[in-house]
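Examining the three-dimensional arrangement
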Amino acid sequence: MTISPIRVKLETACKILDISRETLRYLIRTDKTFPKAIKTGDSKQSPVFFDYADLMNWHNNQKRCQTNANLEA
């Protein structure tokens with residue numbers, strides 16, 4: 001039985017999506033559909049997490065949109 005994480009750190013989200021931290025920050029700023037970060041405290045140094053299922057859903061939606069765009073072209 002494989003257990004999927006519930007939430008992942010920012011660094012792990014970068015690894016899962018195979019993107020740089022800067023690209024992830026860009027997605028957070030510009031893509032309204034990208035999952036919202038979960039901050040566990042009020043200070044600037046508080047860790048940031050993402051919901052794993054939300055990341056996977058976003059990624060799958062991106063694939064679906066790309067496939068549909070390719071079919072329409």
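Higher on the page you've got the structure.
Right, let's get into the side chain of S46. Looking at where S46 falls in the secondary structure, it is placed in the loop between β2 (38-39) and β3 (48-51). Overall, S46 belongs to the buried group, its relative accessible area being 12%. A polar contact is formed between the side chain of S46 and the backbone oxygen of S43, at a distance of 3.1 Å. Once residues lying within four places of it in the same chain are set aside, the contact partners of S46 are K39, T40 and G41.

Where strands meet in a sheet, backbone hydrogen bonds hold them as pairs that are either parallel or antiparallel. Spatial ordering of the open sheet is given by β1-β3-β2, a layout of 3 strands whose pairing is antiparallel. Single-partner strands in this sheet number two, and they are β1 (7-9) and β2. Bridging between β1 and β3 involves 3 bridges; their strand directions are antiparallel. Directly across from K9, in β3, lies its bridge partner F49. Along the sheet face, helix α1 (residues 10-17) touches β1 and β3 and points at about 100 degrees away from the line of β1.

Our next topic: the pattern of salt bridges. Using the criterion set out here, one finds 2 salt bridges in the structure. Residue E11 pairs with R21 through a salt bridge whose shortest N-O separation is 2.9 Å. Linking E11 in helix α1 with R21 in helix α2 (residues 21-30), this pair joins segments that are 10 residues apart in sequence. Residue class for R21 comes out partly exposed when judged on its relative accessible area of 36%. In this structure, the salt-bridge partner of E22 is R25, at a minimum N-O distance of 3.8 Å.

Reading the values: rules and limits
Residues numbered from 1 in each chain as written. Predicted model: local features only at pLDDT ≥ 70, side-chain atom pairs only at ≥ 80, totals over all residues. Heavy atoms only, no water. Helix = DSSP H or I, 4+ residues; strand = E, 2+ residues; numbered from the N terminus. Buried < 20%, exposed > 50% of the residue type's maximum accessible area, 1.4 Å probe, protein only. Polar contact = N/O pair within 3.5 Å; in protein donor to acceptor, adjacent residues only side chain to side chain. Contact = heavy atoms within 4.5 Å. Pairing = 2+ DSSP bridges. Axes fitted to C-alpha atoms, helices over the stretch in contact; angles between N-to-C directions. Salt bridge = Lys/Arg side-chain N within 4 Å of Asp/Glu carboxyl O.

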